[in-house]
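Structural features, examined
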Amino acid sequence: MTLGLVACGLFFLLDAWAPPQDLPWKPLDLRQPIGWATADKVARLEVDDRASPEQVEARTNACLTLLRQAGVQVRRGQDRDDGGFCVVRGAVRLTGGEMTPVSPNGLAMRCPLAVRHILWDRHVLQPAARDVLGSEPARIDSLGAYACRRVYGSQDQAARPSQHARANAMDVAGVRLTDGRTVSVLRDWEGKGADGKQKAVFLRRLRDGGCRLFGNVLTPDYNAAHRDHFHLDGAARGVCLSAR
């Protein structure tokens with residue numbers, strides 16, 4: 001009985017004083033900073049591959065509501081089945097609102113990946129741009145999300161499917177700032193050239209923050225295939241080469 005009372009007391013103390021983003025029983029709020037429980041909360045939005053169409057729509061509608069409540073303009077995307085492992089369920093398109101614009105506009109991706117992207121944009125990219133480079137981000141340059149292929153575009157039938165084949169990954173090539181500067185993964189990862197060291201620090205902040213949200217965060221440090229972009233995906237588990 002005593003242990004039960006202590007447990008109840010701890011629960012109420014946590015519920016009252018701990019940040020909501022650190023408590024798994026609190027609802028996910030995209031306006032809150034990234035916390036201990038954030039990634040697990042996003043994972044609850046995932047659609048199981050065996051889910052019925054009705055279950056897919058219910059989960060996706062809940063995900064859309066979460067984004068809209070956070071001031072993001074988003075619409076339901078078109079799901080697709082290109083055969084084999086190239087199946088996209090629960091697709092959405094981010095079109096504007098309280099987010100850094102992404103080029104190309106209206107990029108289609110699975111809704112939980114869109115939630116991860118918004119959290120990364122708001123709580124990693126934007127503050128890093130201000131803190132490190134003294135400017136606001138004006139645009140994120142993306143290389144796309146959906147691609148019906150295996151990892152690295154391999155033709156080996158034994159190679160595993162890419163998360164891009166489910167629109168569960170996006171590639172980021174760089175960021176444009178409101179002061180006119182650009183940050184390129186290809187040019188600036190090694191910290192060379194004008195304000196190169198600052199840009200390299202900025203890119204590593206993006207990587208390290210991404211490791212708190214995404215399953216895989218692949219950068220030029222991973223292999224040559226990622227020399228010009230970050231690969232960010234919503235896999236359940238994977239690789240994240242971080243300084244932390």
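Procedures and definitions
Residues numbered from 1 in each chain as written. Predicted model: local features only at pLDDT ≥ 70, side-chain atom pairs only at ≥ 80, totals over all residues. Heavy atoms only, no water. Disulfide = S-S within 2.5 Å. Helix = DSSP H or I, 4+ residues; strand = E, 2+ residues; numbered from the N terminus. Core = buried A, V, L, I, M, F, W, Y, C linked by side-chain atoms within 4.5 Å. Buried < 20%, exposed > 50% of the residue type's maximum accessible area, 1.4 Å probe, protein only. Contact = heavy atoms within 4.5 Å. Bend = angle between axes of the 7 residues up to and from the residue. Pairing = 2+ DSSP bridges. Axes fitted to C-alpha atoms, helices over the stretch in contact; angles between N-to-C directions. Parallel < 35°, antiparallel > 145°, perpendicular 65-115°, else oblique. Left-handed = near helix turned anticlockwise from the far one by under 90°. Nonpolar A, V, L, I, M, F, W, Y, C, P; charged D, E, K, R; others polar. pLDDT = per-residue confidence, 0-100.

Glancing now at the state of the cysteines. Within the structure shown, the criterion is met by three disulfides. Paired by a disulfide, Cys63 and Cys111 hold their sulfur atoms 2.1 Å apart. Disulfide Cys63-Cys111: the torsion about the S-S bond is -100 degrees, which places it as left-handed. Taken together, the residues span a long stretch of sequence, with Cys63 in helix α3 (residues 53-69) and Cys111 in helix α4 (residues 111-133) at a distance of 48 residues. The partner cysteine of Cys86 in its disulfide is Cys148, sulfur to sulfur 2.0 Å. Judged by the sign of its S-S torsion, about 90 degrees, the bond between Cys86 and Cys148 is right-handed.

Once that is clear, we can look at the nonpolar core. One finds Leu30, Leu67, Val115, Trp120, Phe202 and Leu206 to be the most contacted residues of the largest nonpolar core, which totals 48 residues. Counting residues per element, the ones that place at least two in this core are α3, β1 (72-76), β4 (91-97), α4, β8 (169-177), α6 (196-210) and β11 (230-233). Those residues within four positions of Leu206 in sequence are excluded, and the remaining contacts are Trp120, Val124, Leu125, Ala128, Val175 and Phe230.

Relative to the helices and strands, Lys192 is located in the loop between α5 (185-188) and α6. For Lys192, a relative accessible area of 63% gives the class exposed.

Turning to α4, a few remarks are in order. Maximal helix bending in α4 amounts to about 40 degrees, located at Asp121. The element α4 is largely enclosed, with a buried count of 20 among its 23 residues. Phi turns positive one or two residues past the end of α4, at Gly134, with a value near 65 degrees.

This part takes up the sheet that holds β1. Judged by pairing direction, the sheet is antiparallel, and its three strands sit side by side in the order β1-β4-β6 without closing on themselves. Pairing within the sheet leaves two strands with one partner each, and these edge strands are β1 and β6 (108-110). For this sheet the average axis-to-axis angle between neighbouring strands, irrespective of direction, equals 45 degrees. Summarising the sheet, β1 and β4 pair through five bridges and their orientation is antiparallel. Residue pairing across strands places Val74 opposite Leu94, the latter belonging to β4. Packed on one face of the sheet, α3 meets β1 and β4 and runs near 160 degrees to β1.

Let us now look at the packing of α4 against α6. Contact geometry of α4 with α6 gives a least axis separation of 9 Å together with a crossing angle of 160 degrees. When the axis of α4 is compared with that of α6, the two are roughly antiparallel. For α4 against α6, the interelement crossing comes out right-handed. Counting all contacts with α4, which are made through Trp120, Val124, Leu125, Pro127, Ala128, Ala129, Asp131, Val132 and Leu133, the residues of α6 involved are Gln198, Lys199, Val201, Phe202, Arg205, Leu206, Gly209 and Gly210. Taken together, the residues of the contact of α4 with α6 sort by class into 11 nonpolar, three polar and three charged.

Below, the discussion takes up the confidence of the model for the protein. On average, residues of the protein score 90 in pLDDT, and 91% of them are at 70 or above. Low confidence marks residues 5-9, where pLDDT is under 50. Its contacts with residues over four positions away, or in another chain, come to zero contacts.

Turning our attention to the pairing of strand β7 (residues 137-144). Here two bridges tie strand β5 (residues 102-103) to β7, and the two strands are oriented parallel to one another. Counted as the bridge partner of Val102 is Ile140 from β7. As paired elements, β7 and β8 share six bridges and run antiparallel to each other. Each bridged residue has a counterpart across the sheet, and for Ser142 the counterpart in β8 is Val172.

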